[in-house]
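As a plain string of letters, each chain reads:
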Amino acid sequence: MSKLFEGVKIGSLNLRNRIVIAPMCQYSAVDGKATDWHLMHLGSLSHSGAGLLILEATAVEANGRITPFDLGLYSNDNQIALEKVIYAIRQHSKIPIGVQLAHAGRKASCAAPWKGGKILEENNGGWMTDAPSAIPFNNDERLPHALNKNELERIKQSFLKSAERAITVGLDLIELHAAHGYLLHQFLSPLSNTRTDEYGGSLENRMRYPLELFKFVRTHIKKDIPIGIRISASDWVEGGWNIDESIQFAIELQTINCAFIHVSSGGLSPLQKIPVEAGYQVHFADRIKKKVSMPVIAVGLITEAQQAETILKNNQADLIAIARAALYDPRWPWHAAAELKASVDVPPQYLRSEPREFKDLFKK
Ligand SMILES: Cc1cc2nc3c(=O)[nH]c(=O)nc-3n(C[C@H](O)[C@H](O)[C@H](O)COP(=O)(O)O)c2cc1C
């Protein structure tokens, strides 16, 4: 029996298997509104056979967008546009769909990666960015605005409002983005947070705002919607946020009903040195899994079915996520199921594609 294709529960949500399509920014929205690109892209991934599809980093405020083209859930128009896409997908796919709610903080106001990804000036389509402290990502960039307490309250409300919109749109799960150097990660890391109030300094203080925000959203959203988090387990910089602190953070999150933790790394500092290789972040997931009982998702260069199976069989994680492999091969889970002698859901229109040698691959 394949572990990868064994069902799993995240909160009250039942997943058919343990493959998650990781959030992937598309930079293809207009004023935060989903477009036909989203219908094509998500439509394709909705037939991937994965157990869960998580929508890209979706901004809770316009100035929390990484680029002017990020998906958003900060306005009625955003909500209507995404609802259309989700409605269309729901007509043809039963895949559970989550959303990653995000605020980019000091990493907002940038060009799309294929346009160089550099910070955009205010006179060139960019905007003033917010952060825990007035420290830019790169030394030569303009200083972000250090958020005051009223503004921190406003951002909490924005996360909640976007979570409510996500539920109205019909999404099944919420992931708060506290990874990759974006706003919540900026609070956690001593490299980006030098505040002298109760939100900066000690580990307890640096975790305070992300935990308060998580708790605030969790308390106001109905219980049957699982809310989890994505973290960077390490800044990969001496003196930065690290795995021991991540374990403490995970333990705290679990006490406030965090439904899962999705373990990535890096993205906070241009000084990071990441030893990139197959499964290079799995050891972080493993360390965290040993200390918590909530489901742990491992991600990062997991590209082979057998590799994914081994991670789960070794109990290093409860689920695995794939990003680039899913773009390269949107039917990755079908091929993994064939290799591991498991089966996947496919739309009836595609049933005739089942290869002769994999007779029970498709659930009929
Ligand atoms: C095109 C692209 C867009 C991405 N956008 C996001 C995002 O919106 N949110 C996020 O947390 N990570 C994002 N990531 C990171 C992936 O979710 C994933 O963690 C990373 O690519 C490592 O997994 P992989 O080796 O399976 O690609 C993105 C990655 C890619 C390739």
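Residues numbered from 1 in each chain as written. Predicted model: local features only at pLDDT ≥ 70, side-chain atom pairs only at ≥ 80, totals over all residues.

### Regarding the environment of asparagine 76
Tracing the backbone through its elements, the reader meets asparagine 76 in helix H2 (residues 76-90). When the C-alpha atoms of asparagine 76 and arginine 165 are compared, they prove to be 8.5 Å apart, with 89 residues separating the residues in sequence. (Helix = DSSP H or I, 4+ residues; strand = E, 2+ residues; numbered from the N terminus.)

### What to know about the site of the ligand
In the vicinity of the ligand, 20 residues are found, and the nearest of them are Ala22, Met24, Ala57, Ala323 and Arg324. For the shell around the ligand, the secondary structure elements donating two or more residues are strand E4 (52-59) and helix H9 (324-328). Tallied by class, residues from the shell around the ligand come to twelve nonpolar, five polar and three charged. (Near = placed C-beta within 6 Å. Nonpolar A, V, L, I, M, F, W, Y, C, P; charged D, E, K, R; others polar.)

### Details of the nonpolar core
Among the nonpolar cores identified, the biggest contains 105 residues, and Val20, Ile261, Val263, Ile297, Ala298, Ala317 and Ile320 are the most heavily contacted of them. Those residues in contact with isoleucine 320, other than ones at most four positions away along the chain, are Arg18, Ile19, Val20, Ile297, Ala298, Ile302, Ala308, Ile311 and Leu312. (Core = buried A, V, L, I, M, F, W, Y, C linked by C-beta atoms within 7 Å. Buried ≥ 20, exposed ≤ 12 C-beta atoms within 10 Å, placed from the backbone. Contact = placed C-beta atoms within 7 Å.)

### As for helix H8 (residues 305-313)
When H8 is considered as a whole, its buried residues turn out to be Ala305, Ala308, Glu309, Ile311 and Leu312. Buried residues of H8 fall within an arc of 160 degrees about the axis and therefore sit on the same side. Counted as exposed and oriented over 90 degrees from the buried face of H8: Gln306 and Lys313. Tucked inside the fold, the buried residues of H8 contact helix H7 (282-289), strand E11 (296-299), strand E12 (319-322) and helix H10 (332-339). Phi turns positive, to about 65 degrees, at asparagine 315, one or two residues after H8. (Arc of directions from axis to C-beta.)

### Some remarks on the sheet that holds E11
With parallel pairing, eight strands are arranged side by side around a closed barrel as E3-E4-E5-E8-E9-E10-E11-E12. Taking the axes of each pair of neighbouring strands and ignoring which way they run, one obtains an average angle of 25 degrees across the sheet. In terms of strand pairing, E4 meets strand E5 (residues 97-102) through six bridges, oriented parallel. Within E5, the residue paired with isoleucine 54 across the bridge is glycine 98. (Pairing = 2+ DSSP bridges. Axes fitted to C-alpha atoms, helices over the stretch in contact; angles between N-to-C directions.)

### Observations concerning the packing of helix H1 (residues 36-45) against H2
Remark: H1 packs on H2, axes separated minimally by 10 Å, with the N-to-C direction vectors making an angle of 35 degrees. Note on packing geometry: the crossing formed by H1 with H2 is right-handed. From H1, His38, Leu39, Leu42 and Gly43 reach across to H2, where they touch Val85, Ala88 and Ile89. Its residues assigned to classes, the contact of H1 with H2 shows five nonpolar, two polar and no charged. (Left-handed = near helix turned anticlockwise from the far one by under 90°.)

### Some details on helix H6 (residues 243-255)
Look at H6: 19 Å from first C-alpha to last across 13 residues, which is about the 18 Å you get at 1.5 Å a residue. Those residues of H6 that are buried lie in contact with helix H4 (183-188), helix H5 (203-220), strand E9 (227-232), strand E10 (261-264) and H7. Among the residues trailing H6, asparagine 257 stands out with phi positive, at a value near 65 degrees. (Expected span 1.5 Å × (residues − 1).)

### Here's the deal with unusual backbone geometry
With a phi close to 65 degrees, asparagine 257 is a non-glycine residue in the positive phi region. Non-glycine residue leucine 301 carries a positive phi angle of around 50 degrees. The exposure class assigned to leucine 301 is partly exposed, which follows from the 17 C-beta atoms found within 10 Å.

### Focus on the packing of H5 against H6
Geometrically, a packed helix pair is captured by the angle between its two axes and the distance between the axes. Close contact between H5 and H6 brings their axes to 11 Å; oriented N to C, the two are set at 40 degrees. Both H5 and H6 take part in a crossing whose hand is right-handed. Listed contacts from H6 to Leu203, Met207, Leu211 and Phe214 of H5 are Glu245, Gln248, Phe249, Glu252 and Leu253. Among the residues making up the contact of H5 with H6, the classes are represented as six nonpolar, one polar and two charged.

### As for the environment of aspartate 31
Mapped onto the elements, aspartate 31 comes out in the loop between strand E3 (19-21) and H1. Sequence separation between aspartate 31 and aspartate 70 is 39 residues, and the spatial gap between their C-alpha atoms is 7.8 Å.

### A short note on the pairing of E5
Most of E5 sits inside the fold, with six of its six residues counted as buried. Side chains Ile97, Val99 and Leu101 of E5 all project onto a buried face; the interleaved residues Gly98, Gln100 and Ala102 project onto the opposite face, where all are buried too. Regarding the hand of the β-α-β motif, the stretch spanning E4, H2 and E5 is right-handed. For E5 and strand E8 (residues 173-178), the ladder comprises four bridges, and the chain directions are parallel. Along E8, the bridge assignment pairs glutamine 100 with glutamate 175. (Right-handed = clockwise from strand over helix to strand, strands pointing away.)

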